[in-house]
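Listed below are the residues making up each chain.
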Amino acid sequence: MFLRRTQMLNKSISELSKLLKTRQISSVDLVKESYARIESLDPKLHSFITIRDKKDAFNDAENIVIDNTSSPLAGIPFSLKDAYVTENVRTTAGNKVLDAFIPPYNATVYTLLKNAGGILVGKNNQDAWGHGGSTENTSYQTAHNPWDLERITGGSSGGSAASIVSGMVSFAIGEDTGGSIRNPSSICNISGLKVTYGRVSRYGAIAYASSLDSVGPMAKSVEDLAIILEAIAGKDPKDATSSQRPVDQYSLHLQTNLKGKKIGLPKEFFVEGLDPQCKEILLKAAKQFEKEGAEIVEVSIPYLRYGVSIYYLIAMSETSSNLARYDAVRYGDKRELFSPETMRRIMIGTYALSAGYADELYKKAQKARTVLIQEFDQAFEKCDVLLSPVIPGKIRKIGELINDPVQNLLEDLYTVPINLVGLPSLAIPAGFTSDDLPIGMQLIGKKFAEQEILQFGHVYQQMTDWHIREPGM
Amino acid sequence: MKISIKNLAQLANLELSSSQLQTLEESIPSVIEHMDEIKHLDLSGVKQTNAVIEEENVYREDDVEHSLTQDEALKNAPNTYNGFLVVPYVFEENTDA
């Protein structure tokens with residue numbers, strides 16, 4: 001049974017930072033708690049693929065100097081989805097092809113967090129290469145949901161979500177190409193942010209679909225996400241697609257008045273196919289925002305109905321190209337170690353790009369993508385943010401999705417369109433079903449409007465306490 | 001049109017066992033069928049979106065920077081010889097001299 005209130009790692013980043021800066025606790029205390037939690041709970045959860053050598057983590061914790069000039073992240077244990085290369089720490093992207101891969105360099109996001117004083121404790125389990133929404137498509141044991149061990153954690157950043165909600169780490173960096181931060185965040189009842197494409201450097205992130213991939217924070221609250229985002233966003237000379245736009249001080253501007261703000265509900269998302277309990281919870285959330293002065297408007301984005309097809313044609317094509325590098329020559333083991341789901345995606349991508357089919361499949365999907373972008377732009381003329389579900393129904397039991405390839409893809413319908421258009425989206429807890437399973441919602445913003453969606457999310461988390469609830473394992 | 005899973009596997013550099021081949025032959029067609037709806041959309045005159053970024057032609061300074069040493073670059077390679085990567089045959093081995 002969790003005794004969450006006595007666990008230090010369950011406190012917010014700003015609380016921990018205050019305690020560390022005033023020397024009431026030490027970073028070593030936090031790292032000790034992190035490893036103890038991992039050792040006691042991870043045999044059931046499988047949220048980690050690799051635990052960093054304890055002596056290295058303790059070394060970092062012992063040597064760190066935390067004073068008033070330090071980042072709020074200094075001294076705090078965190079984890080990375082195993083899609084981020086970490087020098088001298090094995091990185092697998094969830095698949096046996098890279099089982100023995102020890103990167104010779106660091107992902108930019110890790111370098112930035114290290115420079116801020118964060119302490120890496122391990123690499124999280126994931127659907128291999130990002131291919132999945134359940135953390136079942138992994139070579140390293142299916143991850144289990146702390147809320148119900150027979151259910152999935154969601155994915156592909158499922159290990160990150162499980163390790164945060166179970167108090168093993170304060171926060172993690174996940175990766176979202178079609179929902180892979182938002183899906184597990186909702187399913188595990190934490191907060192996760194898919195940033196605007198280019199807001200955070202992708203250097204060192206093992207690529208799934210390069211025009212869709214995004215690097216983002218996962219944590220227990222919107223306030224935590226804002227603090228982490230400040231540390232990791234920004235131009236990186238090593239990532240030519242990273243944005244030159246300046247980075248806001250997100251955590252300083254979370255308080256806001258929602259009076260006069262408009263929240264759009266895309267009508268194509270609220271039709272049959274969406275579980276009634278989920279719909280009820282989302283409409284209640286909309287009402288909460290109305291209480292704070294916001295206005296709810298209905299918008300229409302007709303091409304949402306093609307979202308899954310457009311996404312998968314593009315993502316599978318891009319992944320077939322990105323995974324061509326794993327040829328067991330410079331690194332990695334043989335390609336036959338790819339899982340059936342990964343092979344399916346590579347082969348369908350190959351098909352969609354092949355002579356005779358590329359025009360009517362891949363290129364057409366890229367045209368449909370243009371229409372979707374235009375429709376989102378038109379919707380945003382009527383509102384400031386969009387409110388949307390994350391998954392269509394109840395959290396699935398382990399085994400349901402991995403054995404049904406078509407259903408596995410359709411589960412993503414609310415998240416994939418956002419990657420196609422490159423917009424930011426915040427996933428936060430919105431309530432619980434009648435059988436105590438978490439339900440989350442998305443707050444989708446205009447390009448580079450991370451500040452705005454974080455504000456909406458922060459207001460919601462001050463009115464509600466869904467995000468404070470914890471699983472009793 | 002019948003999709004040859006075997007051909008796709010070859011294009012994708014995947015050597016499949018017969019059971020892997022069977023699993024894929026059974027599961028791939030229904031996924032492709034679902035995505036066929038894109039074929040019927042009228043998108044004449046619409047431009048492709050290849051990227052959703054604002055910047056174009058991002059350059060770096062023409063400065064020599066530290067990169068990986070040869071050892072670092074080779075340390076994960078399964079097969080090396082005198083500081084080189086050993087690669088599989090590209091063409092067939094020619095046994096007539």
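Residues numbered from 1 in each chain as written. Chains lettered and ligands numbered in written order. Predicted model: local features only at pLDDT ≥ 70, side-chain atom pairs only at ≥ 80, totals over all residues. Heavy atoms only, no water.

Q: If you had to explain the overall build of chain A to someone new, which residues and values would you point to?
A: Per the secondary structure count, chain A includes 14 helices and eleven strands. Taking the principal axes of the C-alpha coordinates as reference, chain A spans close to 60 × 60 × 45 Å. Burial status across chain A gives 67% buried among its 473 residues. For chain A, the exposed surface amounts to about 15,600 Å²; the carbon and sulfur share of it is 49%. Charge-centre separation for chain A: the mean point of 52 positive side chains lies 2 Å from the mean point of 55 negative side chains. (Helix = DSSP H or I, 4+ residues; strand = E, 2+ residues; numbered from the N terminus. Buried < 20%, exposed > 50% of the residue type's maximum accessible area, 1.4 Å probe, protein only. Areas by Shrake-Rupley, 256 points an atom, 1.4 Å probe, with all protein chains shown as cover. Lys, Arg positive; Asp, Glu negative; His and termini not counted. Charge placed at Lys NZ, Arg CZ, Asp CG, Glu CD.)

Q: Any chance you could break down the side chain of Arg202(A) for me, citing the residues and the numbers?
A: Considering the arrangement of structural elements, one finds Arg202(A) in the loop between β5 (191-194) and β6 (214-219). Sequence-distant contacts of Arg202(A), defined by excluding residues within four places in its chain, comprise Tyr197(A), Ser210(A), Asp213(A), Val215(A), Asp239(A) and Thr241(A). (Contact = heavy atoms within 4.5 Å.)

Q: Go over the environment of Ser44(B) with me, naming the residues and quoting the values.
A: Residues and elements named next belong to chain B. Assignment of secondary structure puts Ser44 in the loop between α2 (18-35) and α3 (70-74). For the pair formed by Ser44 and Glu61, sequence separation is 17 residues and the distance between their alpha carbons is 41 Å. Within the local environment of Ser44, its side chain forms a polar contact with the side chain of Asp42, the two groups lying 2.7 Å apart. (Polar contact = N/O pair within 3.5 Å; in protein donor to acceptor, adjacent residues only side chain to side chain.)

Q: Explain the sheet that holds strand β2 (residues 77-81) of chain A residue by residue, including any values.
A: Residues and elements named next belong to chain A. One open sheet accounts for eleven strands, arranged β1-β3-β2-β4-β6-β5-β10-β11-β9-β7-β8; its pairing is mixed. Each having just a single partner strand, β1 (48-51) and β8 (295-299) make up the two edges of the open sheet. Averaged over all pairs of adjacent strands, the angle between their axes in this sheet comes to 30°, without regard to strand direction. Where strand β10 (residues 425-432) lies against strand β11 (residues 438-444), seven bridges are found, and the strand directions are antiparallel. Looking at the pairing, Ser425 lines up with Ile444 of β11. The strands touched by helix α2 (residues 27-45) are β1, β2 and β3 (119-124); relative to β3, the strand with the most contacts, the crossing angle is about 20°. (Pairing = 2+ DSSP bridges. Axes fitted to C-alpha atoms, helices over the stretch in contact; angles between N-to-C directions.)

Q: Just give me the short version of helix α8 (residues 276-291) of chain A, but keep the residues and values in it.
A: Residue and element names in this part refer to chain A. For α8, spanning 16 residues, the distance from its first C-alpha to its last is 23 Å, which sits close to the expected 22 Å at 1.5 Å a residue. Residues of α8 that are buried: Cys278, Ile281, Leu282, Ala285, Ala286, Gln288 and Phe289. Looking down the long axis of α8, one finds its buried residues gathered within 155° of arc, a one-sided arrangement. Exposed positions of α8 whose direction lies more than 90 degrees from the buried face are Pro276, Lys284, Lys287 and Lys291. In the core, the buried residues of α8 are packed alongside β7 (262-266), β8, β9 (385-389), β10, β11 and α14 (450-463). The N-capping residue of α8, defined by a side-chain oxygen 3.0 Å from the backbone nitrogen of Gln277, is Asp275. With its phi angle positive at about 105°, Gly293 sits one or two positions after the end of α8. (Expected span 1.5 Å × (residues − 1). Arc of directions from axis to C-beta.)

Q: I'd love a proper account of the pattern of salt bridges, names of residues and values included.
A: Residues and elements named next belong to chain A. Inspection of the entire model under this criterion finds 23 salt bridges over all chains. The partner of Lys55 in a salt bridge is Asp53, and the shortest N-O contact between them spans 3.6 Å. According to the relative accessible area criterion, Lys55 is exposed, its value standing at 58%. Under the relative-accessibility criterion, Asp53 is labelled partly exposed at 41%. Note that Asp239 and Arg202 form a salt bridge whose closest N and O atoms lie 4.0 Å from each other. Remark: Arg202 occurs in the loop between β5 and β6 and Asp239 occurs in the loop between α7 (222-232) and β7; sequence separation between them is 37 residues. You can call Asp239 buried: its relative accessible area is 5%. Through salt bridges with shared partners, one network takes in Asp53, Lys55 and Asp56. (Salt bridge = Lys/Arg side-chain N within 4 Å of Asp/Glu carboxyl O.)

Q: Any chance you could break down the interface of chain B and chain A for me, citing the residues and the numbers?
A: Taken residue by residue, the interface counts 48 residues in chain B and 62 residues in chain A. Taking both partners together, chain B and chain A bury about 4,800 Å²; carbon and sulfur atoms supply 66% of that area. Among the residues of chain B in contact with chain A, Met35(B), Val52(B) and Asn76(B) are the three that bury the most area, contributing 14% of the side total. Applying the counting rule to chain B against chain A returns two salt bridges. In this structure, the connection of chain B to chain A is made through 17 residue pairs in polar contact (both at pLDDT 80 or more). Contributions of two or more residues to the side of chain B that touches chain A are made by α1 (5-11) and α2 of chain B. With ten residues, the single largest contributor to the side of chain B that touches chain A is α2(B). For the side of chain B that touches chain A, a count of residues per class yields 28 nonpolar, eleven polar and nine charged. (Buried area = accessible area lost by both parts, 1.4 Å probe. Nonpolar A, V, L, I, M, F, W, Y, C, P; charged D, E, K, R; others polar.)

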